[in-house]
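Listed below are the residues making up each chain.
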Number of protein chains: 2
Amino acid sequence: MDTKQDSNPACPVPLSAYEQILMAHGGGGTLMHRLLEQVFYPAFGNPILDQQGDGAILAPAGGRLAFTTDSYVVHPLFFPGGDIGTLAVNGTVNDLAMCGARPLYLSAGFIIEEGLPVATLKRVAASMAQCAAAARVHIVTGDTKVVEKGKGDGLFINTSGIGIIEHELVIQPRSLRAGDVIVLSGDIGRHGLTIMAQREGLTFESAIESDCAPLVDPVLAMIKAGIDIHCLRDLTRGGLASGMVEIATTAGRQINLEERAIPVREDVRGACEIMGFDPLYIANEGCFAAFLPERDAALALEILKAHNCNEAACIGTVTAGDAGLVTMTTSIGSRRIVAMLSGEQLPRIC
Amino acid sequence: MDTKQDSNPACPVPLSAYEQILMAHGGGGTLMHRLLEQVFYPAFGNPILDQQGDGAILAPAGGRLAFTTDSYVVHPLFFPGGDIGTLAVNGTVNDLAMCGARPLYLSAGFIIEEGLPVATLKRVAASMAQCAAAARVHIVTGDTKVVEKGKGDGLFINTSGIGIIEHELVIQPRSLRAGDVIVLSGDIGRHGLTIMAQREGLTFESAIESDCAPLVDPVLAMIKAGIDIHCLRDLTRGGLASGMVEIATTAGRQINLEERAIPVREDVRGACEIMGFDPLYIANEGCFAAFLPERDAALALEILKAHNCNEAACIGTVTAGDAGLVTMTTSIGSRRIVAMLSGEQLPRIC
């Protein structure tokens, strides 16, 4: 495998017009980046979209706003630790938090397959309402479409969100500095593994549940404490590995990770070994990485732990090194290159 | 049929938890209103959502913003006069225009069925880019999901939009006054009829194309000219009839329409007669109704005609009368009650 090519989504293999969409085009890895680089960015290109953040930063009048969108197609609709409704609210709220914004308003667009029980829709709406209340956002506008049986899959939800930016930080990959440390908010791998197990009918000895949770409070607390956050990224599709490669590439910096420092629960590690997954590539829904100066690391960890992020840890550093390169010092002391997810590991996990 | 019940979505038949979603739950008529009233509004209720406009009016900091969302599931993806991409941009831009807002930013969320040709996606993205440029909006954030073959239908698109409100008008159904006139911007029925003909492989003697178009410029020109607009509504799902019933109900006013004044092209009228459709219920994608004081009607018509709305006409009036009642004086001089669309006439027209 040509890791150089995989680790640099800015130089993708040309997409032929005769190609068809594969599941992997939605996986958060190299193929999805090819699609963005070759179809959407050229068509829609503008300075705001080119920020390539989890959301767009707008300044329509006076203060800065963050604006983001995500569609949710998770299968199955319900899983241990959450459902499509909790994902649809927390996922979009978290994208706003990753812009350093206080989430204020959400839209909700439902694409329902004919025949879905109304009871299912009510249960999902109740989850969404509960998560919105917990994150202190209001669902202010919406839309409902129905497609014929066999033309959808139960329920797809799109949420878009608006948040307000109440500080002067410029939180984006390009703000990374050599010497920054990478603070991870919690253990990785639980969400994707939960979905996969649920889908395959597997059970674990211990209960593994999705980590789906809102990340607003710990982020806003770090900002309020004056921590000079340079970049934030929630580690959803493509997992920790793909998030790090994306940021290293956009920032033009090198990232070095310490495998030993990355928290993975023993039961998650065991299940991954049995199923042949690498936790670095598994999607999370309640876990983020913060890039900040080393002097702020201890305070950041203290704040995260005060917000129930008990496994928070410093997992690596940023260097000038090679732009776009992500390396990892493994537990046995060797060093390996971390590539972006190639192909599709776990389809439809969010 | 109990028209009283149909014409008052605020008193719907209870939705049983054992019910399943029908195509008509997405049709813009009484069943969709039951779903909103019984599932979504109770779950998400807040003062902004309760405005029940085409979009939400927000005031996060200083100026007022409009925020709206729509998912597009039109079938087929391409049709005379447009495609899913032109709908996805113009539809959301028009919802912002109906709030009296100047559209600024759009998000774009794609749910792609595995196997879709990349060439199709490129063609749709090019349409979106062209419409965005024409409406002077930027697509600033997006998302791509892929679902397995047979779990979608080619392509679904969600767009959400943010616009800025640069005037002091309060444009909403509750601003209706007895004595207001209703100005319609153009002839009705073309979009829905085009989609239906395309789907059924029908051809007309004359070319009937979708009326899909951005409505921003005529609306902003009317506002700039000082016209005291009370309410605006684009006449999409459910057509002119459902839009009027919705507004009469929310406003607590009566609306009287003049059938003779409602512009319907001869070829559209003929095709409707053959196919058994009532143009009043057919969706439009480039046509809106404005409610305004009679003194402003002549100026409104002049401005609309200067913006290529050549068929613009005064089609009715608002009276104190019966709250929620919509009547129509027919071409032969009799008077009939206009009910909201009941059931589903043309599924997946947007």
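All chains use their own residue numbering, which begins from 1 and follows the written sequence. The naming scheme follows written order: chains are lettered A onward, ligands numbered 1 onward. Restriction of local features to residues with pLDDT of at least 70 applies here, the model being predicted, together with a cutoff of 80 or more for giving and counting side-chain atom pairs; totals for whole chains, interfaces and linings are based on all residues. Values reported for side chains reflect all heavy atoms of the structure, with hydrogen atoms and water molecules removed beforehand.

**Student:** Hey, could you go over the pairing of strand β7 (residues 155-165) of chain A for me, with residue numbers and the actual values?
**Tutor:** Residues and elements named next belong to chain A. The buried fraction of β7 is high, at 11 of 11 residues. Side chains Leu-155, Ile-157, Thr-159, Gly-161, Gly-163 and Ile-165 of β7 all project onto a buried face; the interleaved residues Phe-156, Asn-158, Ser-160, Ile-162 and Ile-164 project onto the opposite face, where all are buried too. Pairing geometry for strand β2 (residues 63-72) and β7, over 9 bridges, is antiparallel. Looking across to β7, one finds that Arg-64 is bridged to Ile-165. Two strands are said to pair when DSSP picks up at least two bridges between them. Each helix is a run of H or I in the DSSP string that is no shorter than four residues. Each strand is a run of E no shorter than two, and both are numbered from the N terminus. Sheet topology note: the strand β5 (residues 102-113)/β7 ladder contains 10 bridges and is antiparallel. When the sheet's bridge partners are listed, Arg-102 is paired in β7 with Ile-164. The rule is simple: take the accessible area with a 1.4 Å probe, protein chains only, and divide by the maximum for that residue type; under 20% is buried, over 50% is exposed, in between is partly exposed.

**Student:** Pulling in residues and values, what's your account of the sheet that holds strand β9 (residues 231-234) of chain B?
**Tutor:** Strand pairing in a sheet relies on backbone hydrogen bonds, with the paired strands running either antiparallel or parallel. Residue and element names in this part refer to chain B. Taken together, the 7 strands give an open sheet; going across it, the order is β9-β11-β8-β12-β10-β13-β14, and neighbouring strands pair in mixed fashion. Among the strands making up the open sheet, the edge pair consists of β9 and β14 (335-337). Sheet twist, expressed as the mean angle between neighbouring strand axes with direction ignored, is 25 degrees. When strand β13 (residues 326-329) meets β14, the two strands line up antiparallel, connected through 3 bridges. By the bridge assignment, Thr-329 is partnered in β14 with Arg-335. Here, axes are lines fitted to C-alpha atoms. For helices the fit covers the stretch in contact, and angles between N-to-C directions go from 0 to 180 degrees.

**Student:** Go over the relation of the copies chain B and chain A with me, naming the residues and quoting the values.
**Tutor:** Look at the two chain copies: a rotation about an axis and a shift along it is all it takes to match them. Expressed as a screw operation, the relation of chain B to chain A combines 0.0 Å of axial shift with a rotation of 180 degrees, fitting to an RMSD of 0.0 Å. The transformation relating the two chain copies, once decomposed into turn and shift, fits a two-fold axis. For chain B, the smallest separation between a C-alpha atom and the rotation axis is recorded for Gly-152 of chain B, amounting to 2.2 Å. Residues are treated as being in contact if the distance between any of their heavy atoms lies within 4.5 Å. In this assembly, 100% of the residues forming the interface of chain B have copies in chain A that are likewise at the interface, indicating an isologous arrangement. The copies were overlaid by least squares, fitting only the C-alpha atoms of residues that reach a pLDDT of 70 or more in each copy.

**Student:** Before we move on, could you go through the pattern of salt bridges and cite the residues and values that matter?
**Tutor:** Salt-bridge detection follows one rule: a side-chain nitrogen of Lys or Arg within 4 Å of a carboxyl oxygen of Asp or Glu. Here the structure, examined in full by the defined rule, presents 29 salt bridges over all chains. Close ionic contact of Asp-267 of chain A with Arg-265 of chain A constitutes a salt bridge, the shortest N to O distance being 2.8 Å. Of the residues examined, Arg-265 of chain A reaches a relative accessible area of 29% and is grouped as partly exposed. Put simply, Arg-336 of chain B and Asp-278 of chain B hold a salt bridge, and the shortest N to O gap is 3.4 Å.

Treat this as a map of the structure, not an account of what it does.
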